[in-house]
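# Analysis of the macromolecular model
What follows is each chain in one-letter form.
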Amino acid sequence: MAPVLELRGITKRFPGVLANDHIDLTVEKGEIHALLGENGAGKTTLMNILYGLYHPDEGDILVNGIKANIKSPIDAIKAGVGMVHQHFMLVPVFTVTENVMLGEEFTKYGGVLDRSLAAKKVQEISDKYNLNIDPNAYIKDMPVGLQQRVEIIKLLFREANILIMDEPTAVLTPQEVTELFKIMQTLIDQGKSIIFITHKLGEVLECANKITVIRGGKVVGSTDPKTASMNDLANMMVGREVKLEVDKAPQKIGDTVLEVQDLKVLDPRGGIAIDSINFEVKAGEVLGIAGVQGNGQTELVRSLTGLLTPIDGTVTLNGQDITHSNPRQITELGTAHIPEDRQKDGLVLSLPISDNLVLNTYYLKPYSKGIWLDQKVIIETGENLVKSFDIRTPSVFTTASSLSGGNQQKIIVAREFSRPIKLLIASQPTRGLDVGSIEYIHKRLLEKRDEGCAVLLVSTELDEVMQLSDRIAVLYRGKIIAIVDGKTATKEQLGLLMAGITGETEKMSL
Amino acid sequence: MSPEKPQESKKNGLAIFWEEFSRSNFLVIFLAIFTGIILGGVLVAVTTPEVYDAFKVSFFAGIGKAFMTAVNTYGALLTGAIGNPEKIQAAFASGDPLLIRRAINPFFESLVQTTPYIFAGLSVALGFRVGLFNIGAEGQIYIGALTGVWAGYAIPGLPPIIHIPVAMLCGALGGAMWGFVPGLLKAKTGAHEVITTIMMNYIAFRFSDWLLKGPMADPTEVTPKTPWILESAQLPQLFANPIRFHIGFFIALLMAFLVYLLLFKTTWGMELRMVGSNTNAAQYAGINVTSRTVIAMVLAGGLAGMAGANEVLGVNHRLIPAFSSGYGFDSIALALLGKSHPLGVVLSALLFGFLRNGARSMQLTVGVPIDIVSILQALILAFIAAPAIIRTIYRLKTPKHTEDIVSLRSWKG
């Protein structure tokens with residue numbers, strides 16, 4: 001029998017770049033095929049070709065052995081190819097059924113929406129694949145994990161046989177990830193096929209039937225998850241030896257740098273985002289804040305950096321009350337901030353790299369004299385930082401927008417780390433980055449800790465928090481429900497805490 | 001996976017300046033103007049009855065006539081804008097100074113038309129750079145003209161060297177005041193500047209009507225007009241009559257240079273551009289976005305106010321109702337065409353000034369209505385705003401990065 005999907009010699013050139021270089025990929029019926037690669041390796045381009053968003057310069061797509069001419073997502077869906085995007089395409093104020101039928105509406109009496117028929121079909125799909133979705137629930141009331149299942153239902157409703165899942169675990173708790181893997185298993189048991197795009201090695205080994213690694217637009221190898229190891233895969237992905245484990249020097253704890261007392265912060269809608277929390281970070285330690293996205297991390301970091309004024313409580317930095325200080329004052333006291341959304345907060349994408357490297361110091365000597373900017377010094381500084389932080393760019397005049405995510409993050413790291421700092425607040429420092437860049441950022445972060453800097457690491461990547469932190473605080477619905485020792489914490493324990501379950505875990509206070 | 005060729009790393013100020021300007025895709029702008037002119041010619045041809053008569057004779061006669069009509073029209077536009085070369089030659093040959101001045105007058109008159117465009121265009125461009133859509137330039141021009149003309153006729157006994165700067169400054173202050181209100185409203189209440197500046201325009205129009213009929217009216221005149229400004233406040237003209245060219249043009253160029261320095265060479269300009277490109281990052285970097293918004297609107301208002309003062313001090317020497325024929329609104333188009341860069345503003349102001357002046361004599365000589373200029377401006381602007389059309393027509397490569405002509409932060413949601 002012909003494989004359900006076959007890509008033959010797919011080549012896609014962009015001006016000056018070969019994004020896909022004769023890629024061959026075969027997906028069998030009923031298999032989870034993991035597509036592994038760093039950002040910029042070409043996996044997104046390949047999937048966009050398969051989904052009809054790009055047209056390949058060379059190569060063929062064969063579905064069930066027959067050449068398919070996929071020119072648009074509509075063609076892709078007709079050919080049975082569907083995609084679950086990383087960012088969900090759902091209308092929050094619509095019900096599950098309404099979202100599912102959007103674009104493929106059932107009608108009766110010549111034009112009236114037939115919601116009940118659609119709801120029935122949604123229910124059938126949900127039952128068949130154990131998705132446990134109420135067709136009449138509103139998207140806005142559902143947790144992220146369930147919303148993702150709605151995306152899957154959307155594809156099944158359109159009778160997709162090949163499901164492309166783009167980084168599906170990025171937004172989920174460890175428990176939700178387990179659930180998702182179960183669902184994926186059910187899907188393939190029922191004869192569907194899944195292409196699973198990710199850069200998380202552990203997940204690949206856990207759920208995939210076959211792994212294809214892409215690097216620099218080429219397939220560098222296919223392996224069987226039963227025989228491959230994490231290190232093998234990482235090396236294949238990056239093309240050199242990669243250290244997955246972080247070497248941490250023994251801790252040299254100093255004085256308390258950041259102290260947070262009874263902090264209360266509102267979210268933009270006026271709800272309580274941070275609810276009377278207390279913690280401290282000492283010099284030379286990494287305090288990790290673990291938690292599922294949306295449990296108050298954003299507001300916590302914004303209030304500590306002066307971007308949001310707390311309604312109650314105090315924040316002290318080296319004994320100085322900074323509760324009501326503005327961002328500039330806090331920066332000048334020696335705080336570095338790696339914001340969670342580098343493109344939104346951390347960079348002005350339309351400005352050149354040299355300007356972005358002095359984004360919060362441009363008004364100080366030597367970058368300016370009085371009101372005049374000293375372009376020469378700014379450019380020289382930029383060139384030095386580009387060199388010492390290995391930012392891959394043709395010149396410092398290039399706008400930040402044209403760099404890859406990893407290099408954009410390096411701009412921020414270079415800027416924040418190149419001045420004397422006492423406190424580092426890093427929020428999602430490796431979000432969306434590839435293995436190589438993650439390794440680099442982690443190394444730099446620990447360097448700061450060893451230099452005696454207090455580090456507050458806020459991350460939804462549990463692995464990252466566990467690897468780097470000396471202590472781990474778990475944030476759940478705006479409260480710190482436990483602070484545990486980083487050396488002894490287990491993934492299961494933290495996973496339960498992240499889900500708000502404290503029963504089996506006694507609260508440890510350090 | 002950004003494909004970039006390595007380039008030399010050391011660059012001087014001019015190179016950065018040029019890069020900043022050419023990044024905004026010079027070719028597209030040029031082709032937009034070119035295409036606009038071609039389409040404008042077609043439009044002239046199809047609205048000329050003689051062309052249809054010629055088509056009745058034969059197809060080729062029709063095409064020929066259509067072509068000749070367009071060429072004649074643009075010829076008239078061009079001679080109207082820069083003068084008739086034969087006349088200029090003859091005038092220089094005769095050696096009569098008055099004839100020479102008459103012959104070269106169209107060129108200088110175009111510069112006179114360009115001057116308010118530069119001021120007003122800088123005003124809108126500065127706003128764009130800070131992410132503000134200043135539709136209020138027209139109202140700010142009126143207020144600037146009012147305060148400028150008042151300083152011109154009501155403060156006697158000053159030598160020109162003091163009176164002229166004082167009057168220009170008064171104009172700038174008037175416009176600045178008119179920009180301050182929407183700026184403050186935006187910063188304090190979030191009221192959108194597009195709405196508030198439009199409202200402020202109407203207030204300015206009615207306010208100036210009332211002042212011209214009442215407190216500022218010249219009692220010796222029947223129609224509403226202000227008194228003539230004192231000679232000491234008049235912007236000096238560089239040539240004798242009939243050339244009206246005055247030093248306002250150079251003041252405008254100086255302002256363009258100052259705005260360039262402000263935006264690209266000072267810490268304030270860096271802050272303004274940061275606020276304009278990414279408000280969140282500006283906040284992150286410790287910039288007070290509220291105060292920068294107000295400052296930007298005040299500066300924009302001041303520049304537009306200077307356009308008004310320039311007109312009353314340099315050209316009309318008094319204020320009459322409806323003196324500004326939409327400079328403030330044209331300048332929005334102009335700032336877009338100039339990609340909100342001071343140099344671009346000056347260049348597009350020259351284009352607009354020459355077009356407008358040329359069109360006036362075109363209307364007289366070949367009878368094509370002056371509105372063709374508005375159509376030309378509209379066509380050019382449409383192509384600038386939708387570069388995809390130009391790229392498709394001329395099969396240009398799509399740029400690597402999405403081009404952001406103007407980023408209006410308040411409209412990004």
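### Here's the deal with the overall build of chain A
The helix and strand inventory of chain A stands at 17 helices and 24 strands. A compact globule built from 510 residues should have a C-alpha radius of gyration of about 24 Å, and chain A, at 24 Å, falls within 12% of that. Each principal axis of the C-alpha distribution contributes one length, and for chain A these read about 70 × 55 × 50 Å. Within chain A, contacts between residues separated by at least 24 positions form 67% of all contacts whose residues are at least 6 apart in sequence.

### Regarding the packing of helix α7 (residues 137-154) of chain B against helix α8 (residues 160-189) of chain B
Residues and elements named next belong to chain B. In contact at an axis separation of 7 Å, α7 and α8 are set at 145° when each is read in the N-to-C sense. In the crossing of α7 with α8, the sense of the turn from one axis to the other is right-handed. In this structure, α7 uses Gly139, Gln140, Ile143, Gly144, Ala145, Leu146, Thr147, Gly148, Trp150, Ala151 and Gly152 to contact α8, whose residues at the interface are Val166, Ala167, Met168, Cys170, Gly171, Ala172, Leu173, Gly174, Gly175, Met177, Trp178 and Gly179. Of the residues that constitute the contact of α7 with α8, the class distribution is 13 nonpolar, 10 polar and no charged.

### Overview of the sheet that holds strand β16 (residues 312-317) of chain A
All names here are of chain A. Taken in spatial order, the 4 strands line up as β14-β13-β16-β17 in an open sheet, and their pairing is antiparallel. Unpaired on one side and paired on the other, β14 (272-282) and β17 (320-321) mark the two borders of the sheet. Relative to β17, β16 runs antiparallel, the two sharing 2 bridges. Pairing of threonine 316 across the sheet is with aspartate 321, part of β17.

### What about the domain arrangement of chain A?
Size of an interface, as often reported, equals the accessible area lost when the parts are brought together. Residue and element names in this part refer to chain A. Each assigned domain of chain A is listed here: domain 1 (5-238), domain 2 (253-334 + 421-510) and domain 3 (342-419). Taken over C-alpha atoms, the centre of domain 2 sits 26 Å from the centre of domain 3. Taken together, the 9 residues of domain 2 in the interface contact 7 residues of domain 3. With 4 residues, the top contributor of residues to the side of domain 2 that touches domain 3 is helix α15 (residues 435-450). Split into classes, the residues belonging to the side of domain 2 that touches domain 3 amount to 3 nonpolar, 3 polar and 3 charged.

### Thoughts on the sheet that holds strand β22 (residues 454-458) of chain A
All names here are of chain A. Spatially, the 6 strands line up as an open sheet ordered β18-β21-β22-β15-β23-β24, and their pairing is mixed. Both outer strands of the open sheet, β18 (335-338) and β24 (479-485), are each paired with one neighbouring strand and no more. Strand-to-strand twist across the sheet, computed as the mean angle between neighbouring axes with direction ignored, equals 15°. As paired elements, strand β15 (residues 286-290) and strand β23 (residues 471-476) share 4 bridges and run parallel to each other. Residue pairing in the sheet places glycine 288 in a bridge with isoleucine 472 of β23. Relative to the sheet, α15 contacts β15, β21 (423-427) and β22, its axis offset from that of β22 by approximately 145°.

### Concerning the environment of arginine 415 of chain A
Positionally, arginine 415 of chain A belongs in helix α14 (residues 405-417). Separated by 55 residues in sequence, arginine 415 of chain A and asparagine 360 of chain A have C-alpha atoms that sit 8.5 Å apart.

### Some details on the pairing of β21 of chain A
Residue and element names in this part refer to chain A. Burial within β21 is extensive, with 5 of its 5 residues counted as buried. Of the two faces of β21, the one holding Leu423, Ile425 and Ser427 and the one holding Leu424 and Ala426 are both buried throughout. Relative to β21, β18 runs parallel, the two being bridged by 4 bridges. Counterpart to alanine 336 in the pairing with β21 is leucine 424. Pairing geometry for β21 and β22, over 5 bridges, is parallel. Residue pairing across strands places leucine 424 opposite valine 455, the latter belonging to β22. With α15 bridging β21 and the parallel β22, this β-α-β connection has right-handed handedness.

### Focus: the confidence of the model for chain A
All names here are of chain A. With 98% of its residues at a pLDDT of 70 or more, chain A shows a mean pLDDT of 88. The least confident element of chain A is strand β7 (residues 107-108), whose mean pLDDT is 82; the most confident is β22, at 96. Within the model, pLDDT remains below 50 along residues 504-510, and this stretch shows 15 contacts once partners closer than five positions in the same chain are excluded.

### Side note on the environment of serine 126 of chain A
All names here are of chain A. Structurally, serine 126 can be placed in helix α4 (residues 115-128). The exposure class assigned to serine 126 is buried, which follows from the 20 C-beta atoms found within 10 Å. Separated by 24 residues in the primary sequence, serine 126 and valine 150 place their C-alpha atoms 9.2 Å from one another. Setting aside residues no more than four positions away along its own chain, serine 126 makes contact with Leu131, Asn132, Ile133 and Ile153.

### A short note on the environment of glycine 80 of chain B
Residue and element names in this part refer to chain B. Note on placement: glycine 80 falls in helix α4 (residues 59-82). Given 25 C-beta atoms within a 10 Å radius, glycine 80 is considered buried. The spacing of glycine 80 and valine 346 is 266 residues in sequence and 20 Å in space, taken between C-alpha atoms.

### Overview of the domain arrangement of chain B
All names here are of chain B. Looking at the assigned domains, one finds that chain B contains domain 1 (25-82 + 351-408) and domain 2 (114-337). Taken together, the contact between domain 1 and domain 2 spans 12 residues of the former and 12 residues of the latter. Broken down by secondary-structure element, the contributors of at least two residues to the side of domain 1 that touches domain 2 are α15 (342-366) and α16 (371-385). Counting residues per element, the side of domain 1 that touches domain 2 draws most heavily on α16, which supplies 5 residues. Among the residues forming the side of domain 1 that touches domain 2, the class breakdown is 9 nonpolar, 3 polar and no charged.

Analysis parameters
- Residues numbered from 1 in each chain as written.
- Chains lettered and ligands numbered in written order.
- Predicted model: local features only at pLDDT ≥ 70, side-chain atom pairs only at ≥ 80, totals over all residues.
- Helix = DSSP H or I, 4+ residues; strand = E, 2+ residues; numbered from the N terminus.
- Rg over C-alpha atoms; globule rule 2.2 N^0.38 Å.
- Contact = placed C-beta atoms within 7 Å.
- Axes fitted to C-alpha atoms, helices over the stretch in contact; angles between N-to-C directions.
- Left-handed = near helix turned anticlockwise from the far one by under 90°.
- Nonpolar A, V, L, I, M, F, W, Y, C, P; charged D, E, K, R; others polar.
- Pairing = 2+ DSSP bridges.
- Domains from an automatic or database assignment.
- Buried ≥ 20, exposed ≤ 12 C-beta atoms within 10 Å, placed from the backbone.
- Right-handed = clockwise from strand over helix to strand, strands pointing away.
- pLDDT = per-residue confidence, 0-100.

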